[in-house]
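# Report on the structure
Residues per chain, in single letters:
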Amino acid sequence: MTETVRPPTQAPTEIPTFRLFIAGEWTESTSGRTFESVNPADRRDVIGRFQQGTAADVAMAVSAAWAARPMWQRTPAPKRGEIMYAFGALMAEHKERLSRAMSREMGKVLSEARGDVQEGIDIAFLMAGEGRRMFGDTVPSELPDKWAMSIRQPIGIAGIITPWNFPMAIPCWKMMPALVTGNVVIFKPSSDTPHCATLLVELMAEAGFPPGVVSLITGTGAEVGDAIVDNPDIAVISFTGSSETGKRIATRAAARLKRVSLELGGKNGVVVLADADLDLATEGILWSAFGTTGQRCTACSRVIVERPVVEPLLERLEARARELRLGAGLDESTDVGPLINPGAIDKVASYVEIGRAEGELVLGGGRASDGDLEHGNFFEPTIFSGIKPMARIGQEEIFGPVLSVIPVADYGEAILALNQTRYGLSSSIYTQDVNLAFRAMRDFETGIVYVNAGTTGAETHLPFGGWKETGNGHREAGHAALDSYTEWKSIYVDFSGRLQRAQIDNQPS
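Below, the structure is looked at part by part. Source: prediction; values computed, not measured.

Counting its regular elements, the protein contains 14 helices and 23 strands. For the protein, whose C-alpha radius of gyration is 24 Å, the value lies close to the compact-globule estimate of 23 Å for 509 residues. Put simply, the protein has 509 residues, and 57% of those count as buried. Counted over contacts in the protein with a minimum sequence separation of 6, partners at least 24 positions apart contribute 74%. When the 49 basic and 63 acidic side-chain charges of the protein are each reduced to a single mean position, those positions are 5 Å apart.

Set out below in structure tokens:
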């Protein structure tokens, strides 16, 4: 194991410059260019300068990964799991430091940032255990004196491309199963959260992942992302982000028949039936819609409500949403933090204008810039009522704090409204009727279904992902995540001492 080499520390008054991580060394990009990461709650606060990576940097990382791959693949899986466990323990030790860094760079409130880090810890510990499981099958052979079994083996080099909204959890969701199964990884984070990625990789090096097993390349999707997707030696791509970008990645990767795992957009709905506990539903909807400022693929953006309870639910939602406090995530009294960047503000504002023509604006609808919010990317929690199921703000992913209330006549209309979308990630139903709850579990066309809870809050030991344009069938978290990074090998051992011809010899006499 090599000693961890950390990026140079800077005086507090200086803006630090961070580097790429290739072959166990922190190094500058071949481009000689850098970009800045800023605090979305106060754009005057520059977190650091980061390397503008290039295709040449990706090529160097691939060379280092290729050299490290045989050694890492031959490392016993339980030993790989031990290194992973050490990484999880370091994350736990540094949880508060990581959480505060995340709140500053990404903007989510501190309690949510702590949850983000905890997800990374949880998946590291879960996948560390897979180093001693990673089950295949041992089955009876159809012939005498013959052994039949299957095992998992790593694919090779994995390109990991992650978003900014869960800047520590999602990289861990992807890298931990890739690494425990014996792959080596090249990690490209979002350009909005390169500092979070750097902190993660620092701890990975400290935990003992050998040089070349993990590389970090910061930079744009056009330069770094495309270079990862197009590189012939990178055999598997895992991407979380927009459906449009996911389709483009899948198309490019198809030319080389690469394995591609996509976790993409969502337009998640909560169904509230007339017998629901409206106070409980209100709390779950508010958390799902306005937590992380609506910047979650699992965020609730549609509430599909039986008409008899539309008004009482709206009254509750409006009253509680008015109490939400906007501000910097590092302020413990903040309920809703900033959007990630000015472009996100423009996008949300454009959808609010669309919504004004499609329904009634109940609350919010504008940028927030008073007082301490002046230099941040803040937008008011927004609620529309009277939205039709096929309206644009009821169909298109906004990725911001905008909630549409859709009235329906009954459960049948609710199912139709919920499923009439091109996405299928998460859904929820609030009801006291156990029969309808079980019907919803069957009928909802989503990868995740909640009963009497909001649309967010996945646990790491169950598979995470969705149907339709939310992905391409792969899953993150849980043991199902291993499927994205492994090939199956079937093995037969014939100890009969004679030629046996399988089905030919297995015919009835």
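And the narrative resumes.
Moving on to the nonpolar core. Core analysis: the biggest nonpolar cluster contains 116 residues, and Met84, Phe87, Met91, Met176, Leu179 and Phe209 have the highest contact counts within it. The contact partners of Met176, leaving out residues within four places of it in the chain, are Met84, Phe87, Ile123, Ala124, Met127 and Met204. In this structure, Leu278, Leu286, Phe290 and Leu317 belong to the second largest nonpolar core, which totals 31 residues.

A separate point is the sheet that holds strand β6 (residues 146–154). Read from one edge to the other, the open sheet built from three strands follows the order β5-β6-β23, with strand pairing classed as antiparallel. Lying at the two open borders of the sheet, with one neighbouring strand each, are β5 (137–140) and β23 (486–494). Recorded for the sheet is a direction-independent mean angle of 20° between the axes of neighbouring strands. In terms of strand pairing, β6 meets β23 through nine bridges, oriented antiparallel. Bridged to Met149 within β23 is Ile491.

Here we take up the environment of Leu482. If you trace the backbone, Leu482 turns up in the loop between β22 (467–468) and β23. With relative accessibility at 2%, the residue Leu482 sits in the buried group. When the C-alpha positions of Leu482 and Ala227 are compared, they lie 25 Å apart, and in sequence the two are 255 residues distant.

On to the pattern of salt bridges, then. Counted by the stated rule, this structure contains 31 salt bridges. Across the pair Arg252 and Asp226 runs a salt bridge, and its minimum N-O distance is 3.8 Å. Linking Arg252 in helix α8 (residues 243–254) with Asp226 in helix α7 (residues 221–230), this pair joins segments that are 26 residues apart in sequence. The exposure class of Asp226 is buried, given its relative accessible area of 14%. With a shortest N-O distance of 3.0 Å, Glu283 and Arg320 are connected by a salt bridge. Highlighted residues: Glu283 in helix α9 (residues 278–290) and Arg320 in helix α10 (residues 310–322), separated in sequence by 37 residues. Its relative accessible area of 27% is what places Arg320 among the partly exposed residues. Connected through salt bridges with shared partners, the residues Glu96, Arg100, Arg114 and Glu332 form a single ionic network.

Two elements in contact, α9 and α10, have axes whose closest approach is 10 Å; the angle formed by their N-to-C orientations is 50°. In terms of orientation, α9 and α10 fall into the oblique class. In this structure, α9 crosses over α10, and the sense of that crossing is right-handed. Residues Leu278, Asp279, Thr282, Glu283, Ile285, Leu286 and Phe290 of α9 lie in contact with α10, whose contacting residues are Pro312, Leu313, Arg316, Leu317, Arg320 and Ala321. Split into classes, the residues belonging to the contact of α9 with α10 amount to eight nonpolar, one polar and four charged.

This part takes up the sheet that holds strand β13 (residues 300–306). In space, the seven strands of this open sheet follow the order β14-β17-β18-β13-β12-β20-β21, with mixed pairing throughout. The open sheet has two edge strands with one neighbour each: β14 (360–363) and β21 (448–451). When the angles between neighbouring strand axes are averaged without regard to direction, this sheet yields 20°. Pairing between strand β12 (residues 268–272) and β13: five bridges, direction parallel. Residue Val271 lies in a different strand from β13, and its bridge partner there is Ile304. Together, β12, β13, β14, β17 (382–385) and β18 (402–408) form the strand contacts of α10, whose direction differs from that of β14 by roughly 50°. Set on the sheet, helix α14 (residues 434–443) makes contact with β20 (426–430) and β21; between it and β21 the angle comes to about 170°.

The rules behind each value
Residues numbered from 1 in each chain as written. Predicted model: local features only at pLDDT ≥ 70, side-chain atom pairs only at ≥ 80, totals over all residues. Heavy atoms only, no water. Helix = DSSP H or I, 4+ residues; strand = E, 2+ residues; numbered from the N terminus. Rg over C-alpha atoms; globule rule 2.2 N^0.38 Å. Buried < 20%, exposed > 50% of the residue type's maximum accessible area, 1.4 Å probe, protein only. Contact = heavy atoms within 4.5 Å. Lys, Arg positive; Asp, Glu negative; His and termini not counted. Charge placed at Lys NZ, Arg CZ, Asp CG, Glu CD. Core = buried A, V, L, I, M, F, W, Y, C linked by side-chain atoms within 4.5 Å. Pairing = 2+ DSSP bridges. Axes fitted to C-alpha atoms, helices over the stretch in contact; angles between N-to-C directions. Salt bridge = Lys/Arg side-chain N within 4 Å of Asp/Glu carboxyl O. Parallel < 35°, antiparallel > 145°, perpendicular 65-115°, else oblique. Left-handed = near helix turned anticlockwise from the far one by under 90°. Nonpolar A, V, L, I, M, F, W, Y, C, P; charged D, E, K, R; others polar.

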